[in-house]
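Structure assessment
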2 protein chains.
Amino acid sequence: MRIGELAKATGIDVETLRYYERIGLLHPPSRQVNGYRTYDQDAVERANFIRHCRALDMGLNDINRLLGLASKPEADCSGVNRLLDEHFARVRTKLESLRILEKQLARLRNQCDIAHKVSDCGILREFIAAAHGEACTCHSSSSSAS
Amino acid sequence: MRIGELAKATGIDVETLRYYERIGLLHPPSRQVNGYRTYDQDAVERANFIRHCRALDMGLNDINRLLGLASKPEADCSGVNRLLDEHFARVRTKLESLRILEKQLARLRNQCDIAHKVSDCGILREFIAAAHGEACTCHSSSSSAS
DNA sequence: GCTAGACCCTGTAGCTGCTATAGGGTCAAG
DNA sequence: CTTGACCCTATAGCAGCTACAGGGTCTAGC
């Protein structure tokens, strides 16, 4: 199996596969006489494993750690759980701040309904007021970001 | 006002201020004889404007466009609204995919409650099954990501 | 035999938004 | 005259790719 076929089989771009190899996430495959990479079934599974983790938005470092943990079937799986919990916590934190951000933007968007002159635009006024250090609608009492 | 004072006044790091200047987001300030940058009140406001936009997670390019739009008070503000709407849409999209991701991770996390051997870990089994192309709990019917 | 096009190779630069050095200059207080 | 806080430039690094440049290889069709 050549790199293009692996790319199709896994949905990972060819360039990305080479990149994963360069950073040590994929094992360097054997080569044909012409220098082309040839992959076996193990490589397909490893690549799919990585793709699944990326779909869960895990970092490449975490994925590498996870692959290491997964390769020791007799070990304790608490490391796996810890890794996943950390990632889960990060995702929830990000989700929360994005929720707040969405509310802020919604409030800001409400400041200008119809098109008019820039100098009268409620949205821009908010920006300029905030730049003067005044209170703004989007970042009023109920939210945490500044 | 020197760069350190501007940094304190705006909450933007000194390095970041210099970076903003380098990429053309902040105007190059005048210099003292010793080469130190000196800022006026306009610079403070521009920096605060930028900071506010960053707090709304806008990209530096968008901020630059917005600053350009804001500098023409007689123009039509529809460009401002379009810019904000685009950003708003991006934020909502990201929020939605993060919501899905959170559910996926929660489902996955449920596969392993107590610590045991890696070979028996429900979480890892999910990863391995997915790598084999089988269905996984986290990416079952109800969600869109793969 | 020769060419077009699809595939492969390496190496390097670019993207975003900083952050962190290295290696220097300036200035006021003690 | 030294210490320490501040300032300067220039460059490299982070994540996770993506996109070249500039080559080689292989197959099909003429």
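Please refer to the structure higher up on the page.
Computed from a predicted model, the values in this text were never measured in an experiment.

Turning next to the protein's contact with DNA strand C. Around DNA strand C, a shell composed of 17 residues is seen, among which Gly4, Arg18 and Arg37 of chain A together with Tyr20 and Arg54 of chain B lie nearest. Close to the protein, within 4 Å, the atoms of DNA strand C belong to sugar or phosphate groups at a rate of 84%. At 2.7 Å, a backbone N or O of glycine 4 of chain A approaches a phosphate oxygen of DNA strand C. Looking at the surface near DNA strand C, the elements with two or more residues in it are α1 (3–10) of chain A together with α2 (14–22) and α4 (60–70) of chain B. The greatest single-element share of the surface near DNA strand C, amounting to three residues, is contributed by α2 of chain B.

Attention now goes to the protein's contact with DNA strand D. Close to DNA strand D lie 18 residues, the nearest being Tyr20 and Tyr36 of chain A together with Gly4, Arg18 and Arg37 of chain B. Sugar and phosphate atoms form 83% of the subset of DNA strand D atoms that lie within 4 Å of the protein. Contact between DNA strand D and asparagine 34 of chain A: a phosphate oxygen at 2.8 Å from a side-chain N or O atom of the residue. A distance of 2.8 Å separates a phosphate oxygen of DNA strand D from a polar atom in the side chain of arginine 37 of chain B. Contributing elements (two or more residues each) for the surface near DNA strand D: α2 (14–22) and α4 (60–70) of chain A together with α1 (3–10) of chain B. For the surface near DNA strand D, the element with the most residues is α2 of chain A, which contributes four residues. Per-class residue counts for the surface near DNA strand D are six nonpolar, six polar and six charged.

It is worth spelling out the relation of the copies chain B and chain A at this point. Superposing the two chain copies requires a rotation about an axis and a translation along that axis. Each copy of the sequence occupies a distinct position, and chain B is placed on chain A by a rotation of 180° and an axial shift of 0.0 Å, giving an RMSD of 0.2 Å. Here the copies are linked by what is in effect a two-fold axis. Proximity to the rotation axis, assessed at the C-alpha, singles out leucine 95 of chain B in chain B; its C-alpha lies 3.2 Å from the axis. A shared binding surface is used by both copies, with 100% of the interface residues of chain B retained as interface residues in chain A.

For the rest of this paragraph, the subject is the nonpolar core. Among the nonpolar cores identified, the biggest contains 82 residues, and Leu66 and Phe127 of chain A together with Leu66 and Phe127 of chain B are the most heavily contacted of them. Contact partners of phenylalanine 127 of chain A, with chain neighbours within four places excluded, come to Leu108 of chain A together with Phe49, His52, Cys53, Leu56, Met58, Leu66 and Leu84 of chain B.

What counts and what doesn't
Residues numbered from 1 in each chain as written. Chains lettered and ligands numbered in written order. Predicted model: local features only at pLDDT ≥ 70, side-chain atom pairs only at ≥ 80, totals over all residues. Heavy atoms only, no water. Near = heavy atom within 4 Å. Polar contact = N/O pair within 3.5 Å; in protein donor to acceptor, adjacent residues only side chain to side chain. Helix = DSSP H or I, 4+ residues; strand = E, 2+ residues; numbered from the N terminus. Nonpolar A, V, L, I, M, F, W, Y, C, P; charged D, E, K, R; others polar. Least-squares fit on C-alpha atoms with pLDDT ≥ 70 in both. Contact = heavy atoms within 4.5 Å. Core = buried A, V, L, I, M, F, W, Y, C linked by side-chain atoms within 4.5 Å. Buried < 20%, exposed > 50% of the residue type's maximum accessible area, 1.4 Å probe, protein only.

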